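What follows is each chain in one-letter form.
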Amino acid sequence: MTDESGRIAVADLTKVFGSVRAVDNLSFTVAPGTVTGFLGPNGAGKTTTLRCLLGLVTPTAGTATIGGLRYADLPRPSGTVGAVLDASSFHPARTARNHLRVLCAANGYPVQRGDEVLTLVGLTPAAGRKVNEYSAGMRQRLGLAAALLGDPQVLLLDEPANGLDPEGIVWLRRFLRRMASEGRTILLSSHVLSEVEQTVDDVVIIDKGSLVGQGGLAELADGQGRPVVVRGPDLDRLAATLHNRAGLTHRDGALVVTGLRREEVGHIAFSERIELHELTTERSDLKDIFFALTGGGASR
Ligand SMILES: Nc1ncnc2c1ncn2[C@@H]1O[C@H](COP(=O)(O)OP(=O)(O)OP(=O)(O)O)[C@@H](O)[C@H]1O
């Protein structure tokens, strides 16, 4: 797999439905080999963007491409991109195995490919059961199996954690990590940050159709100024040294410093010969970052 063939590029994308600007001049790229969370409140424009990438919606302006090509121009669409937009649209009376056989026949894949993808998603023991007996988590897996039929370089998943129990979320996380480690590009949407926080490397955050943040999780968290927690026997002297350079609070015997990076606090302590027993960056609550960027709640 070459890098460029699996790169997702959304450039100046706008989609207007009547009076609603569902996507508003949105630009971002997603690199192969990563799992990227596409985040935003309900109605932010995530599904519309994914549908533009899949050629299901015609952009009002701008482009949404995979490997530099619009979906309609891909020489082997199902071998390039697999998608799960709605994991409930299966024929209820069909078994999972039969469902995949129908898809294999329709797309020109050998029938055994259906069984291969069922194994990949761990559904082989339930392959002979009717889909209407499937749980929400099993349907998600079946949707993924169908998306994988063409061994695509890119996976686009709309709210894949929906309906999954904690065990299912752990499974999905491992599965997507494996897919990314094979060089695939994974873009998954969610409006529930905590569901994908442990799964994604990078995030693209949108609100009201526009980009409000993009980057690695740590990078975004740092941008919001994560507090630095310091412990040691001489915190009063450190506080006196820092008091006009940073925000300071005392908590549980520690000094909590805001407005300086951990390295800066460490350097100042070192140069003032102040002994430290702990110097850590507080784990930022991504939920707070998300809310700070989007204002929280539904966009429209
Ligand atoms: N076919 C359509 N016709 C009219 N309006 C639409 C259509 N599709 C989407 N919209 C509107 O565009 C906006 C963005 O919707 P979209 O489904 O892309 O958001 P989303 O971020 O995926 O939301 P959710 O998290 O709720 O799935 C919403 O206001 C929605 O009502």
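Residues numbered from 1 in each chain as written. Predicted model: local features only at pLDDT ≥ 70, side-chain atom pairs only at ≥ 80, totals over all residues. Heavy atoms only, no water.

Per an unreviewed UniProt entry, the recorded name for the chain is ABC-2 type transport system ATP-binding protein, and the organism is Kribbella orskensis. Check the Sequence similarities (unreviewed entry) section of the UniProt entry for the chain; it says "Belongs to the ABC transporter superfamily." (UniProt positions renumbered as here; feature names shortened; annotations may be inferred.)

(A) Looking closely at the overall build of the chain. Across its full length, the chain holds eleven helices and 13 strands. Summarising its shape, the C-alpha atoms of the chain cover approximately 75 × 45 × 35 Å along the three principal directions. Relative to its 300 residues, the chain shows a buried fraction of 46%. In the chain, of all internal contacts separated by at least 6 residues, the share reaching a separation of at least 24 is 69%. As presented, the chain carries roughly 14,100 Å² of accessible surface, and 50% of it is formed by carbon and sulfur atoms. Looking at charge distribution, the chain has the averaged site of its 32 positive side-chain charges lying 7 Å from that of its 33 negative ones. (Helix = DSSP H or I, 4+ residues; strand = E, 2+ residues; numbered from the N terminus. Buried < 20%, exposed > 50% of the residue type's maximum accessible area, 1.4 Å probe, protein only. Contact = heavy atoms within 4.5 Å. Areas by Shrake-Rupley, 256 points an atom, 1.4 Å probe, with all protein chains shown as cover. Lys, Arg positive; Asp, Glu negative; His and termini not counted. Charge placed at Lys NZ, Arg CZ, Asp CG, Glu CD.)

(B) Geometry of helix 9 (residues 235-242). Restricting attention to buried positions, one finds in helix 9 the residues Leu-235, Leu-238, Ala-239, Thr-241 and Leu-242. All buried residues of helix 9 lie within an arc of 160 degrees about the axis, which places them on one face of the element. On the buried face of helix 9, the contacting elements are strand 10 (228-231), strand 11 (247-251), strand 12 (254-258) and helix 10 (262-271). (Arc of directions from axis to C-beta.)

(C) A look at the packing of aromatic side chains. Under the counting rule described, the total for this entry stands at two aromatic pairs. Ring centres of Phe-28 and Phe-38 lie 5.2 Å apart, and the angle between their planes is 40 degrees; on these two criteria the pair is classed as tilted. Note that Phe-28 is positioned in strand 2 (residues 20-30) and Phe-38 in strand 3 (residues 35-39), a separation of ten residues in sequence. This pair shows no difference in class: Phe-28 is buried, exactly as Phe-38 is. (Phe/Tyr/Trp six-rings, centres within 6.5 Å; stacked < 30°, edge-to-face > 60°.)

(D) Structural detail: the nonpolar core. Core analysis: the biggest nonpolar cluster contains 44 residues, and Leu-142 and Ile-186 have the highest contact counts within it. It is helix 6 (residues 166-181) that contributes the most residues to this core, seven residues altogether. Not counting residues within four places of it along the chain, the set of residues in contact with Ile-186 comprises Val-30, Thr-34, Val-35, Thr-36, Leu-155, Leu-157, Leu-176, Met-179 and Ala-180. Formed by 24 residues, the second largest nonpolar core is a distinct cluster that contains Ile-8, Ala-22, Val-30 and Ile-206. (Core = buried A, V, L, I, M, F, W, Y, C linked by side-chain atoms within 4.5 Å.)

(E) Structural context of the domain arrangement of the chain. What the domain assignment lists for the chain is domain 1 (4-216) and domain 2 (225-283). Between the C-alpha centres of domain 1 and domain 2 the distance comes to 44 Å. (Domains from an automatic or database assignment.)

(F) Region of the structure containing the sheet that holds strand 2. Spatial strand order, 2-1-4: three strands in an open sheet with antiparallel pairing. Two strands in the sheet have a free side with no partner beyond their single neighbour: strand 2 and strand 4 (61-66). Adjacent strand axes in the sheet meet at a mean angle of 20 degrees when their direction is disregarded. (Pairing = 2+ DSSP bridges. Axes fitted to C-alpha atoms, helices over the stretch in contact; angles between N-to-C directions.)

(G) Here's a closer look at the pairing of strand 1 (residues 8-17). The pairing of strand 1 with strand 4 spans five bridges and is classified as antiparallel. Paired with Val-10 across the two strands is Ala-64, which belongs to strand 4. Alignment of strand 1 against strand 2, held across seven bridges, turns out to be antiparallel. Paired with Phe-17 across the strands is Val-20, a residue of strand 2. What sits between strand 1 and strand 2 in their antiparallel hairpin is a turn of two residues, with Gly-18 showing a positive phi close to 55 degrees.

(H) How the structure looks around the pattern of salt bridges. On inspection of all chains with the given rule, the structure shows 13 salt bridges. Across the pair Lys-208 and Asp-207 runs a salt bridge whose closest N-O atoms are separated by 3.6 Å. You can call Lys-208 partly exposed: its relative accessible area is 49%. For Asp-207, a relative accessible area of 9% translates into the label buried. Members of the salt-bridge network, linked through shared partners, are Asp-151, Glu-182 and Arg-184. (Salt bridge = Lys/Arg side-chain N within 4 Å of Asp/Glu carboxyl O.)

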